[in-house]
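# Structural characterization, general
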Amino acid sequence: MLSLPHPARFFEREEDGRLLCTLCPRECRLGEGQAGFCYVRQNQGGDMVSLAYGKSTGFAVDPIEKKPLFHFLPGTSVLSFGTVGCNLGCRFCQNWNISKARESGRGMASLTAGEVVALAESSGCPSIAFTYNDPVIWAEWAIDVAGEARRQGIRTVFVTAGYVEEKAREEIFACMDAANVDLKAFAEEFYTRVTLSHLAPVLETLEWLAREGRVWTEVTNLVIPGLNDDPGETRRLAEWIGKHMGPDVPLHFSAFHPTWKMTDRPPTPPATLTQARRIAREVGLRHVYTGNVHDREGQSTLCPGCGQVLVVRDWNAVRKNRLGPGGTCPGCGERIAGRF
Ligand code: SF4
């Protein structure tokens, strides 16, 4: 069934008749008929509408480790979907075919929140992930699906760059169970030039998530050769996480693959990820992983108490899980941070 554009929230009316979008720090001001940078929020007849509401570019049943979340229901499947558009402009976007799509959901079939939750149930997924493109821009749709999921006992995962305004952030995360936030670099210059956004709002989101403590949060840093792989920057990033979020927040260093507007760089060498992991562990982070490569050692969970290997992974697959009830180490009884 095709549907009409859905009324959007998170905006203010300006004196000149334009609409100020208050969903993300880009703060687009939209005249009649104009769409925002993300392409899915539009001023139609003086009202803000969401062109992404009720839409999906397709569903996939993924391992939860692919989000990546290593300390949230390990070894389970997650029903994953996204829409089109994005509020960032990353030149290296690994999902550019949907984040840069300009269809804004037109022509895509429309679903209800109940239908998405029913799909998760019939697929045997204990959780639903809002992912592939940044769900911040389709917040109303993610919030409604998350609300229905919670009523049905299904958990939800928000995979995001964390570029979101304070008020919207509170509403969005009030109904989420877990998040993976991309920290794309630890340099404002990188954010400005390569992602067309800013670092400070992302750090605010991360700090807020850790302080609130309700949403299980893991952080991903996509390591791009020659752009954000400097060991000094990696150290500063890891130190910031330890100081502002705590040493138990899992940090994933993921391999980049050349795509979209960044085909002039090679894929990330596995040794660079291993080095980043070593640096982050040196500064005191307890759970640091490599991603998008085969690396059992770099993807296994160790007990921070006694050092035993508790969960063995290879890429996104769990090969062995020795965690006891509630995520405890069977050797020393230490409780591993996470939702198990
Ligand atoms: S959510 Fe979209 S329309 Fe709103 S400020 Fe961000 S980019 Fe602009």
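Residues numbered from 1 in each chain as written. Predicted model: local features only at pLDDT ≥ 70, side-chain atom pairs only at ≥ 80, totals over all residues. Heavy atoms only, no water.

### Section: the nonpolar core
To be explicit about the condition: Nonpolar cores are built from buried Ala, Val, Leu, Ile, Met, Phe, Trp, Tyr and Cys residues. Side-chain atoms within 4.5 Å join them into one set. Only protein chains enter the area calculation, which uses a 1.4 Å probe; residues under 20% of their type maximum are buried, those over 50% are exposed, and those in between are partly exposed. Two residues form a contact once any of their heavy atoms are found within 4.5 Å.
Grouped together as the largest cluster of nonpolar side chains are 85 residues, with contacts concentrated most on Ile128, Phe130, Leu183 and Ile241. In this view, Leu183 contacts Tyr191, Leu199, Val202, Leu203, Leu206, Val219, Thr220, Asn221, Leu237 and Ile241; residues no more than four positions away in its chain are not counted.

### Description of the sheet that holds strand 9 (residues 127–130)
What counts, and what does not: Paired strands, as defined in this entry, are two strands with at least two bridges between them according to DSSP. Numbering of helices and strands runs from the N terminus, with a helix taken as a DSSP run of H or I at least four residues long and a strand as a DSSP run of E at least two residues long. To get an axis, fit a line to the C-alpha atoms, keeping to the stretch in contact for a helix; angles then go from 0 to 180 degrees between the N-to-C directions.
Taken in spatial order, the 8 strands make up an open sheet running 7-8-9-10-11-12-13-14, and their pairing is mixed. Each edge of the open sheet carries a strand with a single partner, namely strand 7 (59–63) and strand 14 (288–291). Across the sheet, the axes of successive neighbouring strands diverge by a mean angle of 25 degrees, strand direction being ignored. Against the sheet, helix 3 (residues 139–151) engages strand 8 (77–81), strand 9 and strand 10 (155–160), with an angle of about 175 degrees to strand 9.

### A word on the sheet that holds strand 4 (residues 29–30)
As summarised here, the arrangement of the 3 strands in space is 2-3-4, forming an open sheet in which the pairing is antiparallel. Whereas interior strands pair on both sides, the edge strands pair on one side only; in this sheet they are strand 2 (11–13) and strand 4. Bridge analysis of strand 3 (residues 19–21) against strand 4 gives 2 bridges, and the strand direction is antiparallel. Following the sheet pairing, Leu19 is matched in strand 4 by Leu30.

### What to know about the side chain of Arg169
The condition is simple: In summary, the charge assignment counts Lys and Arg as positive and Asp and Glu as negative, without counting His or the chain termini. Each salt bridge in this description consists of a side-chain nitrogen of Lys or Arg and a carboxyl oxygen of Asp or Glu lying within 4 Å of one another.
With respect to the helices, strands and loops of the structure, Arg169 is situated in helix 4 (residues 166–173). Buried and unpaired, Arg169 has no salt bridge, with Glu204 as the nearest side chain of opposite charge at 4.5 Å. The contacts of Arg169, once residues within four sequence positions are left out, are Val164, Glu204, Thr205 and Trp208.

These figures come from the coordinates and say nothing about function on their own.
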